[in-house]
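An overview of the molecular structure
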Amino acid sequence: MKEQLSRLLVLQKHDIRVKELEKERVSLPREIESMKTDVGELEKILQKELDSLGEVNTWRKEQENALNEDEEKIQKRLRDMDKVTTGKDYFDLQKELEYHKKRAKEHETEVLKLMGVVEEREKIVTSRQEQIKSFWEMVHKREAEIEASLKTVEEEYALLVGQRQELFSGIDKALIRKYDFLAARRFPPLVPALEERCTGCSMGIPPQKFNSLYDAKEIVECPFCARILYIEEE
Ligand SMILES: [Zn+2]
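Bear in mind that the values here come from a model prediction, so they are computed numbers and not experimental data.

Regarding its fold elements, the chain presents 4 helices and 4 strands. Reading the helices (α) and strands (β) of the chain from amino to carboxyl end gives α-α-α-β-β-α-β-β. Since a compact globule built from 234 residues should have a radius of gyration of about 17 Å, the 41 Å found for the chain marks it as more spread out than a globular shape. Dimensions of the chain, computed from the C-alpha atoms along their principal axes, are close to 130 × 35 × 30 Å. The 234 residues of the chain split such that 30% are buried. A separation of at least 24 residues holds for 72% of the contacts in the chain among residues at least 6 apart in sequence. For the chain, the separation between the mean place of its 42 positive charges and that of its 50 negative charges on side chains is 3 Å.

Dropping the structure here:
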């Protein structure tokens, strides 16, 4: 039985590696997916920043147009002043002129303020675009690495899956069935017994059972979790 147990351990070692590879087959593509999701979030933030920049620019243009209109009105009033004949018309024009000058000043202040805001938001947008660009570079670099790893993983996985049957030789069919049954429920199905305890479930093993492990004449199962027990050799 000792020989069969050691063959079974070889099979288990093989299966442990297969399970590791199975995990990598899932986790590697997932890693890239999650990186892409993160860049997607940054791109959403950039879009909001671009929208807000657009709004400020629209408002700035409106204020600039208003300023241009003020200036045209000022020029018109100045031309009209040359033509007036009465003191009252002159007084009225003077009043209008003052009003438009005041408006022009207000619009100019607003335009200058908005220019500053535009400049600030353009800086934010530029730095966000640079951040996204370097993030994408990182994603593409990691993606290439992952594709290479995945290729190796797939090759090893296919090889190991193909080799599994060969590892059955020298092991009783019934024992393989038991192993597979356990493996599907509690992996790994073979565990060492240490200090009269099952290392699978940590429960104590009755002394008689524990001692029989040294003979290795028969398969010994943990009475609590049903895993196959063995004694680890130094
Ligand atoms: Zn156990």
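There is more to say, and it comes next.
Here the zinc ion is held by the protein donor atoms Cys198 (SG), Cys201 (SG), Cys222 (SG) and Cys225 (SG), which lie 2.2 to 2.3 Å from it. Viewed at the metal, the 4 donor atoms of the zinc ion are separated by angles of 105 to 116 degrees, and the geometry they form is tetrahedral. Read N to C, the donor residues that coordinate the zinc ion are spaced as C-x2-C-x20-C-x2-C. Of the two residues, cysteine 201 is situated in the loop between β2 (197-198) and α4 (207-215) and cysteine 225 in the loop between β3 (220-221) and β4 (228-230); the sequence distance between them amounts to 24 residues. Judged by its relative accessible area of 6%, cysteine 225 is buried.

Applying the stated criterion to the full structure yields 1 aromatic pair. Just above the ring of tyrosine 157 sits the side chain of arginine 25; from NZ or CZ to the centre is 4.1 Å.

Below, the discussion takes up the sheet that holds β3. Pairing is mixed across the open sheet formed by 4 strands, whose spatial order is β2-β1-β4-β3. Pairing within the sheet leaves two strands with one partner each, and these edge strands are β2 and β3. Taken together, the 2 bridges between β3 and β4 define a ladder with antiparallel strand orientation. What sits directly across from glutamate 221, in β4, is isoleucine 228. Each of β1 (190-194) and β4 touches helix α1 (residues 2-83); the most contacted strand, β4, lies at about 110 degrees to it.

Moving on to the packing of α1 against helix α2 (residues 87-163). The interhelical angle for the contact between α1 and α2, taken along N-to-C directions, is 165 degrees, at an axis separation of 6 Å. Taken together, α1 and α2 sit at an angle that is classed as roughly antiparallel. Along this stretch, α1 crosses α2, giving a crossing that reads as left-handed. Residues belonging to the contact of α1 with α2 are distributed by class as follows: 40 nonpolar, 10 polar and 27 charged.

This part covers α4. For α4, every residue scored as buried is listed here: Phe210, Ser212 and Leu213. In a view along the axis of α4, the buried residues occupy a sector of 160 degrees, so they form one face of it. Opposite the buried face of α4, at more than 90 degrees from it, the exposed residues are Gln208, Tyr214 and Asp215. Buried-residue contacts for α4 involve β1, β3 and β4. Alanine 216 occupies a position one or two residues after α4 and carries a positive phi of about 55 degrees.

How each quantity is defined
Residues numbered from 1 in each chain as written. Predicted model: local features only at pLDDT ≥ 70, side-chain atom pairs only at ≥ 80, totals over all residues. Heavy atoms only, no water. Helix = DSSP H or I, 4+ residues; strand = E, 2+ residues; numbered from the N terminus. Rg over C-alpha atoms; globule rule 2.2 N^0.38 Å. Buried < 20%, exposed > 50% of the residue type's maximum accessible area, 1.4 Å probe, protein only. Contact = heavy atoms within 4.5 Å. Lys, Arg positive; Asp, Glu negative; His and termini not counted. Charge placed at Lys NZ, Arg CZ, Asp CG, Glu CD. Donors = N, O, S within 2.8 Å, 3.2 Å for Na, K, Ca; no water. Tetrahedral: all angles 85-135°; square planar, octahedral: opposite > 155°, others 65-115°. Phe/Tyr/Trp six-rings, centres within 6.5 Å; stacked < 30°, edge-to-face > 60°. Lys NZ or Arg CZ within 6 Å of the ring centre and 35° of its normal. Pairing = 2+ DSSP bridges. Axes fitted to C-alpha atoms, helices over the stretch in contact; angles between N-to-C directions. Parallel < 35°, antiparallel > 145°, perpendicular 65-115°, else oblique. Left-handed = near helix turned anticlockwise from the far one by under 90°. Nonpolar A, V, L, I, M, F, W, Y, C, P; charged D, E, K, R; others polar. Arc of directions from axis to C-beta.

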